[in-house]
Amino acid sequence: MKVTIQRDALLKPLQMINGVVERRQTLPILSNVLINIKDGKLFLTGTDLEIEMIGSAPVIEVSETGATTVSARKLLDICRALPEEAEVKLILEGDHLLVRSGKSRFMLATLPAHDFPNVEEGPFTAQFNISQSTLKKLLGKTYFAMGQQDVRHYLNGALFDINQGVVKCVATDGHRLAFSSAQDVNVGAIQTKVILPRKSVLELVRLLDNSENEITICIGDNHFRVIASDFTFTSKLINAQYPDYDKLIPRSVANSAIASREVLKQALTRASILSNEKFRGIRMQLDRDMLRIIANNPEQEEAEELVQLEYQGNGVEIGFNVAYLLDVVSTIATDNIRWSFNDPSGGVLIESSGAEADDKDHSLYVVMPMRL
């Protein structure tokens, strides 16, 4: 193997796969990146056996094809440290990879390419195209509500529910729920529900951009694949039954309030400073056209914020985890938000409000109250 490539061209796919590669592995080869020269291109592959990421890059010259694996972290650090316009030569010499650039020379240990594992995959039963921006928005509007190391493993991921030309993305950790949908997607008659693991969701949020460039999504019984012009991302799925999220969304509500999103966000941010560091609880006292936010902690410190809003219902007090509320108001894009609820013990529905809501947001959120 002998190839010459621009430093920037090599750096981009290395950065893409860096999040997939695990540094502390029981299998040493899993901390390596597979370098493969074929069809006049350089391909880089990283995997943790659950996710596989393949990035490609154009080369200046291929003198000899071949494949090997080297430490992903070391090769990335070398590329980052080289000058921006540098040319990099990769030459396989026995069981070492020689990396040359200008007056710099690095000799990296390798492991055989044939020992590098592939993510086993079955046939894909559904396939459709979608813009990068649409998929990134669906994930970006919901991923924060995924569970983290929950014993109910199906909550440690996001649900894709595809039916009647609509792609829905749902995440919940049992305390809150985030829902977003895209209706203008040409998915045809595809009907499927799959759960994408947490790490895969976070990697896709990082990888995707806000362009209208189309990507291809392939879905099978056990795998989910995203094919873009410069990368191919494959993930195993969580094989479980996701909760019926429709039952968790309040459909008929007796009370609603409309507030400025930015004003509410700033008030919550300030109040959170004096909330209990462990439980993050705050009290929200809602009265006619006025919201009082109160936070206190074991040191007997207290914060109080007053927010004007539109509300004509009876006075009510509800306790919340302030971090959950801040996640929601930071994600919604519109100027105003609507809060809807029936009683202090039930979930509160939070969504966009106003004429711009339908254009910018097909998302809604449910946050459960907490006892204080």
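Residues numbered from 1 in each chain as written. Predicted model: local features only at pLDDT ≥ 70, side-chain atom pairs only at ≥ 80, totals over all residues. Heavy atoms only, no water.

### Re the overall build of the protein chain
Okay, so step 1: Looking only at helices and strands, one finds 7 helices and 25 strands in the protein chain.
Okay, so step 2: Judged by the C-alpha coordinates and their principal axes, the protein chain covers about 80 × 50 × 40 Å.
Okay, so step 3: A buried classification covers 52% of the 372 residues belonging to the protein chain.
Okay, so step 4: Considering only contacts in the protein chain between residues 6 or more positions apart, those separated by 24 or more positions represent 67%.
Okay, so step 5: Here the protein chain has roughly 18,300 Å² of accessible surface; of this, 45% comes from carbon and sulfur atoms.
Okay, so step 6: Side-chain charges of the protein chain comprise 39 positive and 48 negative groups, with the mean position of each set lying 4 Å from the other. (Helix = DSSP H or I, 4+ residues; strand = E, 2+ residues; numbered from the N terminus. Buried < 20%, exposed > 50% of the residue type's maximum accessible area, 1.4 Å probe, protein only. Contact = heavy atoms within 4.5 Å. Areas by Shrake-Rupley, 256 points an atom, 1.4 Å probe, with all protein chains shown as cover. Lys, Arg positive; Asp, Glu negative; His and termini not counted. Charge placed at Lys NZ, Arg CZ, Asp CG, Glu CD.)

### Concerning the pattern of salt bridges
Side-chain pairs of opposite charge can arise where the charged atoms are in close proximity.
Okay, so step 1: One pass over the full model with this rule turns up 13 salt bridges.
Okay, so step 2: A salt bridge links Arg152 to Asp150; the shortest N-O distance between them is 3.0 Å.
Okay, so step 3: Judged by relative accessible area, which is 36%, Arg152 ranks as partly exposed.
Okay, so step 4: For Glu317, the salt bridge is made with Arg283, and the minimal N-O distance between the two is 3.7 Å. On the criterion of sequence distance, the pair formed by Glu317 in strand β22 (residues 316–321) and Arg283 in strand β19 (residues 281–287) is long-range, its members being 34 residues apart.
Okay, so step 5: Classification of Glu317 as partly exposed rests on a relative accessible area of 41%. (Salt bridge = Lys/Arg side-chain N within 4 Å of Asp/Glu carboxyl O.)

### Comments concerning helix α6 (residues 322–331)
Okay, so step 1: Here α6 lies mainly inside the structure; 7 of its 10 residues are buried.
Okay, so step 2: Those residues of α6 that sit buried are Val322, Tyr324, Leu325, Leu326, Val328, Val329 and Thr331.
Okay, so step 3: Between the side-chain oxygen at the start of α6 and the backbone nitrogen of Ala323 there is a gap of 2.9 Å, and the oxygen is on Asn321. (Polar contact = N/O pair within 3.5 Å; in protein donor to acceptor, adjacent residues only side chain to side chain.)

### Some details on the sheet that holds strand β21 (residues 302–308)
Okay, so step 1: Spatial strand order, β21-β20-β19-β22: 4 strands in an open sheet with antiparallel pairing. Bordering the open sheet on either side are β21 and β22, each of which pairs with just one other strand. Strand-to-strand twist of the sheet, defined as the mean angle between neighbouring strand axes without regard to direction, takes the value 20 degrees.
Okay, so step 2: Note that strand β20 (residues 290–296) and β21 share 7 bridges and pair antiparallel. Of the residues in β21, the one forming a bridge with Ala295 is Ala303.
Okay, so step 3: The strands that α6 touches are β19 and β22; relative to β22, the one it contacts most, it runs at about 85 degrees. (Pairing = 2+ DSSP bridges. Axes fitted to C-alpha atoms, helices over the stretch in contact; angles between N-to-C directions.)

### Here's the deal with the sheet that holds strand β25 (residues 363–367)
Okay, so step 1: In spatial order, the strands read β14-β11-β12-β13-β25-β24-β23-β18; together these 8 strands make up an open sheet with antiparallel pairing. Each edge of the open sheet is held by one strand with a lone partner, namely β14 (192–197) and β18 (255–260). Across the sheet, the mean angle separating the axes of adjacent strands is 20 degrees when strand polarity is ignored.
Okay, so step 2: Contacts from α6 reach β13 (176–182), β23 (336–341), β24 (348–353) and β25 within the one sheet, and its direction differs from that of β25 by about 170 degrees.

### Notes on the packing of helix α5 (residues 261–272) against α6
Okay, so step 1: At a closest axis distance of 10 Å, the pairing of α5 and α6 adopts a crossing angle of 150 degrees. Relative to α6, α5 is oriented roughly antiparallel. The chirality of how α5 crosses α6 is left-handed. Of the residues in α6, those in contact with Arg261, Leu264, Lys265, Leu268, Thr269 and Ser272 of α5 are Val322, Leu325, Leu326, Val329 and Ser330.
Okay, so step 2: Split into classes, the residues belonging to the contact of α5 with α6 amount to 6 nonpolar, 3 polar and 2 charged. (Parallel < 35°, antiparallel > 145°, perpendicular 65-115°, else oblique. Left-handed = near helix turned anticlockwise from the far one by under 90°. Nonpolar A, V, L, I, M, F, W, Y, C, P; charged D, E, K, R; others polar.)

### Comments concerning the environment of Gly174
Okay, so step 1: Of note, Gly174 is situated in the loop between β12 (166–172) and β13.
Okay, so step 2: Sequence separation of Gly174 and Ile337 is 163 residues, and the distance between their C-alpha atoms is 23 Å.

### Considerations on the side chain of Thr4
Okay, so step 1: On the secondary structure map, Thr4 appears in strand β1 (residues 2–6).
Okay, so step 2: What makes Thr4 buried here is its relative accessible area of 6%.
Okay, so step 3: In this structure the side chain of Thr4 is engaged in a polar contact, spanning 3.3 Å, whose partner is the side chain of Lys89.
Okay, so step 4: Here Thr4 is in contact with Val59, Ile60, Glu61, Glu87, Val88 and Lys89, once residues within four sequence places are set aside.

### Notes on the environment of Leu97
Okay, so step 1: Relative to the helices and strands, Leu97 is located in strand β8 (residues 96–101).
Okay, so step 2: A sequence separation of 95 residues divides Leu97 from Lys2, and the C-alpha atoms of the two residues are 9.7 Å apart.
Okay, so step 3: Once residues within four sequence positions are removed from consideration, Leu97 is found in contact with Met1, Ile35, Thr68, Val70, Leu90, Ile91, Leu92, Phe106, Met107, Leu108 and Thr110.

### Observations regarding the packing of aromatic side chains
The geometry of an aromatic ring pair comes down to the distance between the two centres and the angle between the two planes.
Okay, so step 1: Scanning the entire structure with this criterion turns up 5 aromatic pairs.
Okay, so step 2: Seen in terms of ring centroids, Phe320 and Trp339 are 6.1 Å apart; in terms of plane orientation they differ by 70 degrees. Their pairing is edge-to-face. One end of the pair, Phe320, is in strand β22; the other, Trp339, is in strand β23, and 19 residues separate them in sequence. Per residue, the accessibility class of Phe320 equals that of Trp339, and both read buried.
Okay, so step 3: Above the face of the Phe43 ring, Lys38 is positioned so that its terminal group lies 5.5 Å from the ring centre. (Phe/Tyr/Trp six-rings, centres within 6.5 Å; stacked < 30°, edge-to-face > 60°. Lys NZ or Arg CZ within 6 Å of the ring centre and 35° of its normal.)

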